[in-house]
Amino acid sequence: PSAPDECVVDSGMDINLKVGDTIRLSSLNEKSTLETFVEQEFKVVGSVHSSNYLNYERGTTSLGVGELYGFLYFQPEAYDRDYWSEIYVRFEFLFDKGFQCAFLIE
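The structure presented is a predicted model; accordingly, all values stated were derived computationally and were not measured. (Residues numbered from 1 in each chain as written. Predicted model: local features only at pLDDT ≥ 70, side-chain atom pairs only at ≥ 80, totals over all residues. Heavy atoms only, no water.)

Engineer: So, the side chain of S50: which residues are in play, and what are the values?
Structural biologist: Among the secondary structure elements, S50 is positioned in the loop between β3 (41–48) and β4 (72–74). A polar atom in the side chain of S50 sits 3.0 Å from the side chain of Y73. With residues up to four places along the chain from it excluded, the contact list for S50 reads F71 and Y73. (Helix = DSSP H or I, 4+ residues; strand = E, 2+ residues; numbered from the N terminus. Polar contact = N/O pair within 3.5 Å; in protein donor to acceptor, adjacent residues only side chain to side chain. Contact = heavy atoms within 4.5 Å.)

Here it is, written out as structure tokens:
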């Protein structure tokens, strides 16, 4: 994506999204969630693979049915926040041994 109202989607998601489609944030989201984003609609400009998700499992969540089915990437300008909620950390001493760690900051 090159603009705050654009996104790329997980190429492994099993839903029918294509370039040019529009994704709209649901008004059923909590107000604080909606206020996190500058825009409420995003144009799909591509699909991507991520080295963060090497298999079909995308992880778990405390929302909905508890399972993640895919991811989207946005430009930093799409967020109305001056902080990040997720960080990936690589420890050189572990990476040299074939380990990589990711930590979620809430």
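Additional details are given in the paragraphs that follow.
Engineer: Requested: an account of the nonpolar core, with residues and values cited.
Structural biologist: Counting residues in each nonpolar core, the largest one holds eight residues, listed as C7, V9, M13, F37, F42, V44, F74 and A78. Mapped by element, the contributors of at least two residues to this core are β1 (6–10) and β3. Residues within four places of A78 in sequence aside, it is in contact with P4, T36, F37, V38, E39 and F42. (Core = buried A, V, L, I, M, F, W, Y, C linked by side-chain atoms within 4.5 Å. Buried < 20%, exposed > 50% of the residue type's maximum accessible area, 1.4 Å probe, protein only.)

Engineer: Quick one: what's the story with the sheet that holds β3, residue by residue and with numbers?
Structural biologist: Taken in spatial order, the four strands make up an open sheet running β2-β3-β1-β4, and their pairing is mixed. Of all the strands in the sheet, the pair left with one neighbour each is β2 (22–24) and β4. Taken pair by pair, the neighbouring strands of this sheet meet at an average axis angle of 40°, ignoring direction. Relative to β4, β1 is paired through three bridges, and the arrangement is antiparallel. Pairing of V9 across the sheet is with L72, part of β4. (Pairing = 2+ DSSP bridges. Axes fitted to C-alpha atoms, helices over the stretch in contact; angles between N-to-C directions.)

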